[in-house]
Amino acid sequence: MEYYLVKWKGWPDSTNTWEPLQNLKCPLLLQQFSNDKHNYLSQVKKGKAITLKENHRALKPAIAEYIVKKAKQRIALQRWQDELNRRKNHKGMIFVENTVDLEGPPSDFYYINEYKPAPGISLVNEATFGCSCTDCFFEKCCPAEAGVLLAYNKNQQIKIPPGTPIYECNSRCQCGPDCPNRIVQKGTQYSLCIFRTSNGCGWGVKTLVKIRRRSFVMEYVGEVITSEEAERRGQLYDNKGITYLFDLDYESDEFTVDAARYGNVSHFVNHSCDPNLQVFNVFIDNLDTRLPRIALFSTRTINAGEELTFDYQMKGSGDISSDSIDHSPAKKRARTVCKCGAVTCRGYLN
């Protein structure tokens, strides 16, 4: 008869008991147990495969250790997923998945929904004027006041070329929440999954639903710091082989967004030299041209299950620049090898 060592929820390990299969009314846990055991055995090198037939009395210690670690990881990732969904303020759900290794939630990452200014930096999130349109799609609205075109068509898809700023209606506008010029401010509408990649790129993000081309997907948020502080942090990040700095260089080069410790789902989006997301500068309540919001729009139809990527060297102006992220090429930097695998891969992230 098969017996299973049971860890009882809410009780310490000292109260674990051995139970026969007939006592276990937890089909999902049993299926996970079986899957984890199978996955471990499939990872063992050929010729050294371990099977239960070698020992009918007990699991090999290595298999048991892996199953326990996998179970603890599953619990930790579920708790992290729940926390992310409590903190997010947008419609789309966030899921977490790791079928690759035993890596758990990041230990030094804090989810935020909007820019977090560093000490000494002031973000004025209150517009000085707003429109009085009854239909912003046809009347002279906020974009026209700023001297640019309305960014969206009737299907809520972006119609302006990269490099053109987006001016959305703001809190002073008299139009309602269904205004066709309120897209980025509504947040991510799609359910996304933070998943562990199998190509050595760490965590990544994939969409769980189909995304139409030219649709808003997410914002890039983080800690707003000075360019001088960004230079200092950039040296440290380069040595670690990580890249989270995004220059706010729409008109000036005073500020940078650092998503290393504080960020949203975009923190986990990987780089690609052939990306499916495009960067745009957005102005809503804060009209300071030194501090645009960074929005990511789909460049093509993205199918459910496909990984989301953007070019880490893409500027809001639409140009590719080696100093867009981890800027200031004046000082020699450690270069981070690119693993995107695109035919057009440039070889390095910075």
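The model shown is predicted, which means the values in this text are computed figures rather than measured ones.

About the criteria used
Within each chain, residue numbers correspond to sequence positions counted from 1 in written order. Only residues with pLDDT of 70 or above have their local features reported here, since the model is predicted, and side-chain atom pairs are shown and tallied only from 80 upward, although totals for entire chains, interfaces and linings are computed over all residues. Note: side-chain values were computed over all heavy atoms of the structure, leaving out hydrogens and water. Throughout this description, the term salt bridge denotes a Lys or Arg side-chain nitrogen within 4 Å of a carboxyl oxygen of Asp or Glu. Secondary structure is summarised from DSSP: a helix means a run of H or I of at least four residues, a strand means a run of E of at least two, and numbering begins at the N terminus for each. Between buried and exposed lies partly exposed: a residue is buried under 20% and exposed over 50% of the maximum accessible area for its type, with that area taken using a 1.4 Å probe on protein chains only. Following DSSP output, two strands are said to pair if at least two bridges run between them. Note on contacts: a residue pair is in contact if any heavy atoms of the two residues lie within 4.5 Å. In this description, a line fitted to the C-alpha atoms serves as the axis of each element, helices being fitted only across the stretch in contact, and the angle between N-to-C directions of two axes falls anywhere from 0 to 180 degrees. Here the expected span of a helix is defined as 1.5 Å times the quantity of residues minus one. What the arc covers is the set of directions going from the helix axis to the C-beta atoms. Boundaries of every domain are those given by an automatic assignment or by a domain database. Two parts placed together each lose some accessible area under a 1.4 Å probe, and the buried area is that loss summed for both. N or O atoms within 3.5 Å of each other form a polar contact, as long as, within protein, one can give a hydrogen and the other can take it, and as long as residues adjacent in sequence are counted only when both atoms are side-chain atoms. The aromatic pairing rule takes the rings of Phe, Tyr and Trp, using the six-membered ring of Trp, and pairs them if the centres are within 6.5 Å, calling planes under 30 degrees apart stacked, those over 60 edge-to-face and the rest tilted. Comment: the charge-over-ring label is applied if NZ (Lys) or CZ (Arg) is within 6 Å of the ring centre and within 35 degrees of the ring normal.

(A) Local environment of the pattern of salt bridges. Summed over the entire model, instances satisfying the criterion amount to 16 salt bridges. Notably, a salt bridge pairs Lys-69 with Glu-65, separated by 3.2 Å at the nearest N-O pair. On the criterion of helical spacing, the pair formed by Lys-69 and Glu-65 is a turn pair, its members being four residues apart in helix H2 (residues 61-87). Arg-196 is the salt-bridge partner of Asp-101, the closest N and O atoms lying 3.1 Å from each other. Highlighted residues: Asp-101 in the loop between strand S3 (94-97) and strand S4 (110-111) and Arg-196 in strand S7 (residues 192-196), separated in sequence by 95 residues. Its relative accessible area of 28% is what places Asp-101 among the partly exposed residues. If you follow the salt bridges from partner to partner, you end up with Glu-223, Glu-229, Arg-232, Arg-233 and Asp-258 in one network.

(B) Fine view of the environment of Gln-31. Looking at the element boundaries, Gln-31 is found in helix H1 (residues 27-43). On the basis of relative accessibility, which here comes to 44%, the residue Gln-31 falls in the partly exposed class. Through-space distance from the C-alpha of Gln-31 to that of Val-68 is 14 Å; in sequence the pair is 37 residues apart.

(C) Main features of the sheet that holds strand S5 (residues 116-117). With mixed pairing, four strands are arranged side by side in an open sheet as S5-S10-S12-S11. The open sheet has two free edges, formed respectively by S5 and strand S11 (245-248), since each of these has just one partner strand. Sheet topology note: the S5/strand S10 (residues 223-226) ladder contains two bridges and is parallel. Looking across to S10, one finds that Lys-116 is bridged to Glu-223. Here helix H4 (residues 227-240) sits on the sheet and contacts S10, S11 and strand S12 (255-258); the angle it forms with S10, its principal contact strand, is near 105°.

(D) Representation of H1. With 17 residues, H1 should reach 24 Å at 1.5 Å per residue; the first-to-last C-alpha distance of 24 Å fits that figure. Three or more residues of H1 are buried, namely Gln-32, Asp-36, Lys-37 and Tyr-40. An end-on view of H1 places all buried positions within 135° of arc, on one side of the element. Projecting away from the buried face of H1 at angles above 90 degrees are the exposed residues Pro-27, Leu-28, His-38 and Ser-42. Buried residues along H1 sit against H2.

(E) Molecular detail of the sheet that holds strand S8 (residues 203-207). In spatial order, the strands read S3-S7-S8; together these three strands make up an open sheet with mixed pairing. Where the open sheet ends on each side, the last strands, each with one partner, are S3 and S8. For this sheet, the mean angle separating the axes of adjacent strands, direction not counted, is 25°. Sheet topology places S7 next to S8; five bridges connect them, and they run antiparallel. Bridge pairing in S8 places Phe-195 opposite Gly-204. Relative to the sheet, H2 contacts S3, S7 and S8, its axis offset from that of S3 by approximately 165°.

(F) Structural view of the domain arrangement of the chain. By domain assignment, the chain separates into domain 1 (1-43 + 59-85) and domain 2 (92-308). On a C-alpha basis, the centroid separation for the pair domain 1 and domain 2 is 38 Å. Looking only at domain 1, the three residues that lose the most surface to domain 2 are Leu-77, Trp-80 and Leu-84, adding up to 47% of its buried area. Taken together, the connections running from domain 1 to domain 2 amount to zero salt bridges. Linking domain 1 with domain 2 are seven residue pairs in polar contact (both at pLDDT 80 or more).

(G) Representation of the environment of Leu-123. Within the secondary structure layout, Leu-123 lies in the loop between S5 and helix H3 (142-145). The class of Leu-123 is buried, set by a relative accessible area of 17%. A C-alpha to C-alpha distance of 8.1 Å links Leu-123 and Leu-291, two positions 168 residues apart in sequence. Other than its neighbours up to four places away in sequence, Leu-123 contacts Tyr-115, Pro-117, Val-224, Asn-286 and Leu-291.

(H) Looking closely at the packing of aromatic side chains. For the structure shown, the criterion picks out 16 aromatic pairs. Summarising the aromatic geometry, the rings of Phe-310 and Tyr-312 are spaced 5.1 Å apart at their centres and angled 50° between planes, so their arrangement reads as tilted. Taken individually, Phe-310 and Tyr-312 each receive the classification buried, so the pair is uniform in this respect. A connected cluster of aromatic rings, assembled from ring pairs, spans Trp-80, Phe-109, Trp-203 and Phe-268. The positively charged end of Lys-116 is found above the aromatic ring belonging to Tyr-262, 4.9 Å away from the centroid. The positively charged end of Lys-206 is found above the aromatic ring belonging to Phe-195, 5.2 Å away from the centroid.

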